[in-house]
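Each chain, written out:
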Amino acid sequence: LIPSDASRLQLTFYNFCGSASVEMDGRSFTKLCKDCKLVGKTFPVKEADIIFSKVVVPGQRRISFEQFERALELVADKSGADLEGLREAVATAHGPAFVGTQMENVRLHDDKSTY
């Protein structure tokens, strides 16, 4: 079965939350915005932090899925994007993209003929 748009969106939300939590923190929300390519000229990274602070309950540090949906509405308003297109872009991102530094070859370590 192909999951519906809402359940795919919920699955992406939980993937960005992490394995030990069912709520999203500000860092994860910003990473979601970057990984889904929502960040651009009309929507800079600092706006993601501002929107997160608008939807989070005062005194809390994490948002629920319902608050996340409200945050997506605010992102769509701020960036001028279509809400359904934005939800689809987030739903197609299956989880956070992990990008690391690639190590270069070290001659004295990797070249077995120098041993």
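In what follows, the accompanying structure is described. (Residues numbered from 1 in each chain as written. Predicted model: local features only at pLDDT ≥ 70, side-chain atom pairs only at ≥ 80, totals over all residues. Heavy atoms only, no water.)

**Notes on the side chain of Thr 30**
Threshold: The numbering of helices and of strands both runs from the N terminus, where a helix is a DSSP run of H or I of at least 4 residues and a strand a run of E of at least 2. Exposure classes here rest on a 1.4 Å probe applied to the protein chains alone. A residue is buried below 20% of its type maximum, exposed above 50%, and partly exposed in between.
Counting through the fold element by element, Thr 30 comes out in helix H2 (residues 26-35). Owing to a relative accessible area of 10%, Thr 30 belongs among the buried residues under this scheme.

**As for the pattern of salt bridges**
When the charged atoms of two side chains with opposite charge come close together, those side chains can pair. Threshold: When a carboxyl oxygen of Asp or Glu is within 4 Å of a side-chain nitrogen of Lys or Arg, the pair counts as a salt bridge.
Applying the stated criterion across every chain, the model contains 4 salt bridges. Note that Arg 70 is salt-bridged to Glu 73, the shortest N-O span being 3.1 Å. Of this pair, Arg 70 and Glu 73 both sit in helix H4 (residues 65-79), separated by 3 residues, roughly a single helical turn.

**Notes on the layout of surface pockets**
We count it as follows: Only protein atoms enter the calculation, which uses a 1 Å grid: trapped sets of points that fit a 1.4 Å probe without letting it out are cavities, open sets showing protein on both sides within 12 Å along at least five of seven lines are pockets, and any residue with an atom within 4 Å of a point is a lining residue. Grid points are joined across faces, edges and corners, and a volume is the space filled by probe spheres set on the points. Three classes are used, and their members are as follows: Ala, Val, Leu, Ile, Met, Phe, Trp, Tyr, Cys and Pro are nonpolar, Asp, Glu, Lys and Arg are charged, and the others, Gly among them, are polar.
One number sums up the size of the largest pocket: a volume of about 190 Å³. Going through the elements one at a time, helix H1 (5-17) and H2 are the ones with two or more residues in the lining of the largest pocket. Classifying every residue of the lining of the largest pocket by side-chain character gives 4 nonpolar, 3 polar and 4 charged.

**Thoughts on the nonpolar core**
Formally: Throughout this description, the term nonpolar core refers to a set of buried Ala, Val, Leu, Ile, Met, Phe, Trp, Tyr and Cys residues connected via side-chain atoms within 4.5 Å. The contact definition used throughout considers only heavy atoms, calling two residues in contact when any of these lie within 4.5 Å.
Grouped together as the largest cluster of nonpolar side chains are 27 residues, with contacts concentrated most on Met 24, Phe 29, Phe 68 and Val 90. If you tally residues by element for this core, the top one is H4, at 6 residues. When near neighbours in sequence (up to four residues on either side) are disregarded, Met 24 contacts Phe 13, Phe 16, Cys 17, Phe 29, Leu 32, Phe 52, Arg 61, Arg 62, Ile 63 and Phe 68.

**Digging into the environment of Glu 47**
When you line up the elements, Glu 47 lands in helix H3 (residues 45-55). Judged by its relative accessible area of 15%, Glu 47 falls in the buried class. Taking the C-alpha atoms as reference points, Glu 47 and Ser 79, separated by 32 residues in sequence, lie 9.6 Å from one another.

Such coordinate-based values are descriptive only and should not be taken to indicate function.
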